[in-house]
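Coordinate inspection notes
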Amino acid sequence: YKLSVSPEMDIMEYCRREWRGNTPVAKRMRKGYEAVAQKFASIRRIRGDNYCAFRATLFQALSQATQLPMWLQSEDFAMLPENLLSKYDWIKQWQLKQKPGKKMGEISDEIKEYLILLRKKWKNISEIKGPLEKQEACDKLFKNEEEEYSLYEALKFLMLNTAIELYNADKNGRRVPVFSWLLFARDTSSNPCQLMHNHLNHIGHSGGLEQVEMFLLAYTLQYTIQVYRLYKYSTDEFITLYPNDPEEDWPVVTLITEDDRHYNIPVRMCQETML
């Protein structure tokens, strides 16, 4: 049995255990962890499969949620799979992790269930007042593998919806964020259909999120994802924000990565940082 989010441990202790040598890489990692330790006391390891960016981001978002985001409150939120299918026939090629080979026409109801589950869990956890109880509820959710993966499928589908909205906005001459151009400038994702086939359908199976898809995830959740990229220590990219020009009222979640592939989470802000 694998823990999705392991218990917290002291950041510098974790660093000493992972990076013992005297290679330039090990030295840079230690410096990076020292910088993170100025702000956060502990780290929690995130289970390393191809969903770790989703897992880290969603765990952090739910851990600090105090209300249901606006986009989860819309009346027709759960109707999204039907609405998209009625406009885009190619969405029938959507792949579910649990049901590879089943076509979207047959799984539309399941995605609807996943979306409803996401809203329900977010609402329930955001209504818990005590920080300890909230943390316990998050830990419990991320120990339930079936529910956990259902939430990632919901997030993936929401990312597809956001990508379609951005693509159409750009085609209609409206302003879109820079990452949207980059997303559709790739040979493998020049439109939302290709994005689905070549990228979103593979997340969780054979690949994780690429950099530009981290932007898409942040934009979909309407959260700023702040990432300490340890291998970029002492460069401008050491702390990277997705998106890099976030809306001021978006909540911020913080992740740590050593290589832009696997993400862990820092927890327990140091007292002086909070003041």
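Residues numbered from 1 in each chain as written. Predicted model: local features only at pLDDT ≥ 70, side-chain atom pairs only at ≥ 80, totals over all residues. Heavy atoms only, no water.

Let us now look at the pattern of salt bridges. As enumerated under the stated definition, the model contains 16 salt bridges in all. Salt-bridge contacts for R268 lead to E8; the nearest nitrogen and oxygen are separated by 2.6 Å. Residue R268 is found in strand β6 (residues 263–269), and its partner E8 is found in the segment before β1 (9–10); the two are separated by 260 residues along the sequence. Accessibility expressed as a relative area gives 34% for E8, which makes it partly exposed. The residue D260 makes a salt bridge to R229 at a minimum N-O spacing of 2.7 Å. Separated by 31 residues along the polypeptide, D260 in the loop between β5 (252–257) and β6 and R229 in strand β3 (residues 224–229) bring together distant segments of the chain. (Salt bridge = Lys/Arg side-chain N within 4 Å of Asp/Glu carboxyl O. Helix = DSSP H or I, 4+ residues; strand = E, 2+ residues; numbered from the N terminus. Buried < 20%, exposed > 50% of the residue type's maximum accessible area, 1.4 Å probe, protein only.)

With that settled, consider the nonpolar core. General note: in soluble globular proteins, nonpolar side chains tend to be found buried as a group. Counting 71 residues, the largest nonpolar core has F54, L58, W94, L118, W122, M214 and I225 as the members making the most contacts within it. In terms of residue count, helix α8 (residues 145–171) provides more of this core than any other element does, 13 residues in total. Those residues in contact with L118, other than ones at most four positions away along the chain, are L58, W71, L72, L151, A154, L155 and L158. (Core = buried A, V, L, I, M, F, W, Y, C linked by side-chain atoms within 4.5 Å. Contact = heavy atoms within 4.5 Å.)

Our focus in this paragraph is the pairing of β5. Burial runs high along β5: five of the six residues are buried. Note that β3 and β5 share six bridges and pair parallel. Counted as the bridge partner of V227 is L255 from β5. Bridge count between β5 and β6: two bridges; the pairing is antiparallel. (Pairing = 2+ DSSP bridges.)

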